[in-house]
Amino acid sequence: MVVFAPLVDPLEVIPLPLKIFRLMGVSRLYREKIRLYGCMSYVALLCFIPKLCLGYDTIAQGFRGIAELLFSQNTCLTMMLLPFKFDKFSQLIEGLTLCTKTVCGDEDYRSILVTLNTMIHKFTKYYFLFTVFIVCAMYTSTISGILFMYYRSGDSDQPLELPLVLEYRLYGLDVHRNIVHCFAHLLILAPTITVLLFAFTAKAGVLFGLIRHCTTILHIIRLKIDRLNHVGNRARFGSELRQIIQLHQQALKCTDLLEDILMYILLAQFTGCVLIWCCTLYFVMYSGITADGITAVAMVSSFSVETFIFCVFGQDLTRKGEEISEAIYATKWYEQPVHIQKMIVPIIQKAHRRVGIKAAKFYYVDVNRYGRNLRMAYSFYLLLKDIF
């Protein structure tokens, strides 16, 4: 299985997540894109369209359905948007590869990059297993709920109401009241869940991996600047500084490409996160702790973890950019000859520009933004509670 493939080249940029992307059909090649179109068409036909068009029995089911639709849409959105930015995506991979080749001659920097790539490789595998665990928890709680409700219905006069993994009507099936239709729904839904599972893993592995690579390159630049303090020979100082300037320029190009690629993905991520929290909270408070409630909480937990990781990595990327400015000042560049000072001034000016990832052009993504989104979601929940 491609997810458990070994790491062959420890200096290659995110090889495992890229393999999963190609498996999903995110590629330049038309014959590979057919897989992407086929997967997304299946998900749209058996998930998105029924959720949007076939309605719900209660308001609570409607809010749960909206939350699940937003979750599925956010997971698939990366797969659909990246082909439109594939040129910039390829430039980013090439730029990070060039930065890696530039610094890997030094054993210390090589060790940092090998550790990073090994960590990304392991993270992708564990994230896949984490997502599998979430899916298994959803299916286990749903099947247990189905069997419990079905056998309890024989001793009760209340109408049968069976829980579902994802809340929506599936064309002509009576999924809430007919146990055969309900299990048919589970089987038909399994390929959709599988597509979402691989898309969720690929999205996390690729995007988190790219952010961490850019952060690590900035960290290495800061280490190279710190070493300038121990260079006594001015000719060598100038040579090292030129390498740092070139590497810094390349790193800034990579962060600009990363920001452009993630712009609309992160906007959908954070907007969807607020709405998912709001709708799920309303559903759980309305229906209580049931099999449906456990399924909804498992879904929103996985999405919340993903969003929080974006915030932590985004904040770390910004901090590493700021450290370059601090490190270059610590070199006492103003005591260097005029021609060295002229070389350093541009890197100081560029280091003052904030580096990070943005949701569109509205705001930088950091941990404070996560807290503000939580407060916003709770405010929307209180508003919904008053209305409904």
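Here's what I pulled together on the structure shown here. Small disclaimer: the values here were computed from a predicted structure and weren't measured.

Considerations on a nonpolar patch on the surface
Argument step 1. A contiguous nonpolar patch, built from Ile143, Leu147, Tyr150 and Tyr151 and spanning about 380 Å² of accessible area, is present on the exposed surface.
Argument step 2. Its location among the elements puts leucine 147 in helix H5 (residues 107–153).
Argument step 3. Exposure remark for leucine 147: the relative accessible area of 35% places this residue in the partly exposed category.

Here we look at the state of the cysteines
Argument step 1. Tallying each qualifying case throughout the model produces zero disulfides.
Argument step 2. Here cysteine 214 stays free of any disulfide, with the sulfur of cysteine 254 as its closest cysteine sulfur at 5.5 Å.
Argument step 3. Judged by its relative accessible area of 3%, cysteine 214 is buried.

Some points on the packing of helix H1 (residues 15–24) against helix H2 (residues 30–53)
Argument step 1. At a minimum axis separation of 7 Å, H1 and H2 run at an interaxial angle of 80 degrees. Comparing the axis directions of H1 and H2 gives the class roughly perpendicular. Where H1 abuts H2, its residues Arg22, Leu23 and Met24 lie against Glu32, Arg35 and Leu36.
Argument step 2. A breakdown of the residues in the contact of H1 with H2 according to their chemical character gives three nonpolar, no polar and three charged.

What to know about the nonpolar core
Argument step 1. By size, the foremost hydrophobic cluster in this structure holds 120 residues, and its most contacted members are Phe89, Leu92, Leu210, Ile221 and Leu258.
Argument step 2. For this core, the element with the highest residue contribution is helix H6 (residues 179–227), accounting for 24 residues.
Argument step 3. The residues contacting leucine 92, other than those within four sequence positions of it, are Leu210, Cys214, Cys254, Leu257, Leu258 and Ile261.

Quick notes on helix H3 (residues 59–81)
Turn by turn, an α-helix covers 3.6 residues, leaving residues three or four places apart pointing in a common direction.
Argument step 1. Spanning 23 residues, H3 covers 32 Å between terminal C-alpha atoms, matching the ideal 33 Å at 1.5 Å per step.
Argument step 2. Along H3, the helix axis deviates most sharply at threonine 75, where the bend reaches about 30 degrees.
Argument step 3. The buried fraction of H3 amounts to 17 of the 23 residues, a majority that puts the element mostly inside the structure.

A few points about unusual backbone geometry
Argument step 1. We note that isoleucine 14 has phi near 35 degrees; this positive angle belongs to a residue other than glycine.
Argument step 2. When you line up the elements, isoleucine 14 lands in the segment before H1.
Argument step 3. For isoleucine 14, a relative accessible area of 1% translates into the label buried.

As for the side chain of threonine 75
Argument step 1. Relative to the elements of secondary structure, threonine 75 occurs in helix H3.
Argument step 2. In this structure the side chain of threonine 75 is engaged in a polar contact, spanning 2.9 Å, whose partner is the backbone oxygen of phenylalanine 71.
Argument step 3. Dropping the residues within four chain positions of it, threonine 75 is found in contact with Leu196, Ala199 and Phe200.

Conventions used here
- Residues numbered from 1 in each chain as written.
- Predicted model: local features only at pLDDT ≥ 70, side-chain atom pairs only at ≥ 80, totals over all residues.
- Heavy atoms only, no water.
- Patch = residues over 30% accessible without salt bridge, like charges linked within 9 Å, V, L, I, M, F, W, Y side chains within 5 Å.
- Areas by Shrake-Rupley, 256 points an atom, 1.4 Å probe, with all protein chains shown as cover.
- Salt bridge = Lys/Arg side-chain N within 4 Å of Asp/Glu carboxyl O.
- Helix = DSSP H or I, 4+ residues; strand = E, 2+ residues; numbered from the N terminus.
- Buried < 20%, exposed > 50% of the residue type's maximum accessible area, 1.4 Å probe, protein only.
- Disulfide = S-S within 2.5 Å.
- Axes fitted to C-alpha atoms, helices over the stretch in contact; angles between N-to-C directions.
- Parallel < 35°, antiparallel > 145°, perpendicular 65-115°, else oblique.
- Contact = heavy atoms within 4.5 Å.
- Nonpolar A, V, L, I, M, F, W, Y, C, P; charged D, E, K, R; others polar.
- Core = buried A, V, L, I, M, F, W, Y, C linked by side-chain atoms within 4.5 Å.
- Expected span 1.5 Å × (residues − 1).
- Bend = angle between axes of the 7 residues up to and from the residue.
- Polar contact = N/O pair within 3.5 Å; in protein donor to acceptor, adjacent residues only side chain to side chain.

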